[in-house]
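Read off the chains here:
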Amino acid sequence: LQVLNKDFKRLNDDAVNTGKIIYKRNAAPMVNFDYTYWSSPVFGQTAKNLSPNTLADKYFRYDSTVDDWKFHDGVMDAGVGYIIRVPKPGNTYTLPLGNPEVVPSTPYAQPVEFVGTPNNKIAPVAVGPEDNGNLIGNPYPSAMSADAFLAANVNEIEGTIYFWTHSTPIANNDYASSDFASYN
């Protein structure tokens, strides 16, 4: 398999970021056994610290070169997509940074906090053949232009990106294809 390098392009990537930010997000409401797709907008964020109450074996990144999910609870690379399972409902959890304890119910909109220096530079991401699919994500704490991303990567991406939102309950361990929106 040939691995191609894709670069996320920024209009201004010469600024040097220092210090740390706390970038807060809430997952869409999830039920037990659901996963959320995440990509870190900061340097040094670990998957485990993003969702410390998730079961220890439920952190993954997709390896398109072998077309399989690989366990990963360590540092999240810029531009790489990760999936993390929702914490089990009914247990009491302490959230990071001194937030109050929570008891997830179903559905549960999990709060997360990315803590670190904001990513700003071009984020090269090794991806595999399109047939296997790839899971990448916005590596910045600000929105990206889908048009600019496609234009900057026209030789590597065949013109369509897919956005996922979990709207349909999982059935037979599969998510509904209607939960993916395509853009080209």
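In this numbering scheme, every chain counts its residues from 1 along its sequence in written order. Whole-chain, interface and lining totals are the exception, using all residues; otherwise, since this is a predicted model, local features are given only for residues with pLDDT of at least 70 and side-chain atom pairs are given and counted only at 80 or more. Neither water nor hydrogens contribute to the side-chain values; these are computed over all heavy atoms in the structure.

S.K.: Could you give an account of the sheet that holds strand β2 (residues 21-26), with specific residues and numbers?
M.R.: The three strands lie next to each other as β2-β10-β4, forming an open sheet whose pairing is antiparallel. Looking at the sheet topology across the chains shown, the edges are occupied by β2 and β4 (42-43). Between any two strands, pairing holds if DSSP finds at least two bridges. Secondary structure elements are taken from DSSP: a helix is a run of H or I of four residues or more, a strand is a run of E of two residues or more, and numbering for both begins at the N terminus.

S.K.: So what's going on with the packing of aromatic side chains? Residues and values would help.
M.R.: Pairing of aromatic side chains here covers Phe, Tyr and the six-membered ring of Trp, requires ring centres within 6.5 Å, and sorts the geometry by plane angle: under 30 degrees stacked, over 60 edge-to-face, intermediate tilted. Considering all chains together, one arrives at four aromatic pairs under this definition. For the pair Tyr62 and Trp69, a centre-to-centre distance of 4.9 Å together with 65 degrees between the ring planes defines the contact as edge-to-face. For Tyr62, a relative accessible area of 17% gives the class buried. An aromatic cluster is present here, built from Tyr23, Trp38 and Phe114 joined pairwise through their rings. Relative accessibility under 20% of the residue-type maximum defines a buried residue, over 50% an exposed one, and the middle range a partly exposed one, all with a 1.4 Å probe and only protein chains included.

S.K.: So what's going on with the pattern of salt bridges? Residues and values would help.
M.R.: A pairing counts as a salt bridge when a side-chain nitrogen of Lys or Arg comes within 4 Å of a carboxyl oxygen of Asp or Glu. Here the structure, examined in full by the defined rule, presents three salt bridges. The partner of Lys58 in a salt bridge is Asp57, with the nearest N and O atoms 3.5 Å apart. Residue Lys58 is classed as buried on the basis of its relative accessible area, which comes to 17%.

S.K.: So what about the sheet that holds strand β3 (residues 35-38)? Which residues, and what values?
M.R.: Pairing in this open sheet of four strands is antiparallel, and the strands run β3-β7-β5-β6 from one edge to the other. The open sheet has two edge strands with one neighbour each: β3 and β6 (68-71). Ignoring strand direction, the axes of neighbouring strands in this sheet form an average angle of 35 degrees. Sheet topology note: the β3/strand β7 (residues 82-85) ladder contains four bridges and is antiparallel. Directly across from Trp38, in β7, lies its bridge partner Tyr82. Angular values range over 0 to 180 degrees, each being the angle between N-to-C directions of two axes fitted as lines to C-alpha atoms, with helices fitted over their stretch in contact.

S.K.: Explain unusual backbone geometry to me, using residue names and the numbers behind them.
M.R.: Even without being glycine, Asp67 reaches a positive phi, approximately 55 degrees. By the secondary structure assignment, Asp67 is in the loop between β5 (59-63) and β6.

S.K.: Explain the side chain of Ser40 to me, and be specific about the residues and the numbers.
M.R.: Within the fold, Ser40 resides in the loop between β3 and β4. For Ser40, a relative accessible area of 0% corresponds to the buried category. Whenever two N or O atoms come within 3.5 Å, that pair is a polar contact, provided that in protein one can donate a hydrogen and the other can accept it, and provided that, for residues adjacent in sequence, both atoms are side-chain atoms. A distance of 2.9 Å separates a polar side-chain atom of Ser40 from the backbone oxygen of Val42. Any two residues having at least one pair of non-hydrogen atoms within 4.5 Å are treated as being in contact. For Ser40, the residues in contact, after removing those within four places along its chain, are Gln45, Met76, Phe114, Asn119, Asn138 and Pro139.

S.K.: Please give an account of the nonpolar core that cites residues and values.
M.R.: Put simply, buried Ala, Val, Leu, Ile, Met, Phe, Trp, Tyr and Cys residues joined by side-chain atoms within 4.5 Å make one nonpolar core. Formed by 18 residues in total, the largest nonpolar core has its most connected members in Trp38, Ala47, Leu50, Met76, Ile84, Val112 and Phe114. Listed by contribution, the elements that provide at least two residues to this core are α1 (47-50), β7, β10 (111-118) and β11 (123-127). Excluding residues that lie within four positions of it along the chain, Ile84 makes contacts with Asp34, Tyr35, Thr36, Trp38, Ala47, Leu50, Ser51, Thr54, Lys58 and Tyr59.

S.K.: Describe the confidence of the model for the chain, with residues and values.
M.R.: Reading fine detail from the predicted coordinates is not recommended where pLDDT is low. Each residue gets a pLDDT score, which is the predictor's confidence in that residue and runs from 0 to 100. Of all residues in the chain, 79% attain a pLDDT of 70 or more, and the chain-wide mean is 79. Confidence, expressed as mean pLDDT per element, reaches its minimum in the chain at strand β1 (residues 4-8) with 46 and its maximum at β4 with 94. Taken as a whole, residues 1-6 scores under 50 in pLDDT and shows 24 contacts with residues more than four places along the chain or in a different chain.

S.K.: Break down the pairing of β10 for me, with residues and values.
M.R.: Pairing of β2 with β10, which is carried by six bridges, proceeds in the antiparallel orientation. Opposite Asn26, over in β10, you have Pro111 as the bridge partner. Relative to β10, β4 runs antiparallel, the two being bridged by two bridges. Counted as the bridge partner of Phe43 is Thr117 from β10.

S.K.: Outline the environment of Ser167, supporting the account with residue identities and numerical values.
M.R.: Mapping Ser167 onto the fold places it in the loop between β12 (161-164) and β13 (180-183). Under the relative-accessibility criterion, Ser167 is labelled exposed at 57%.

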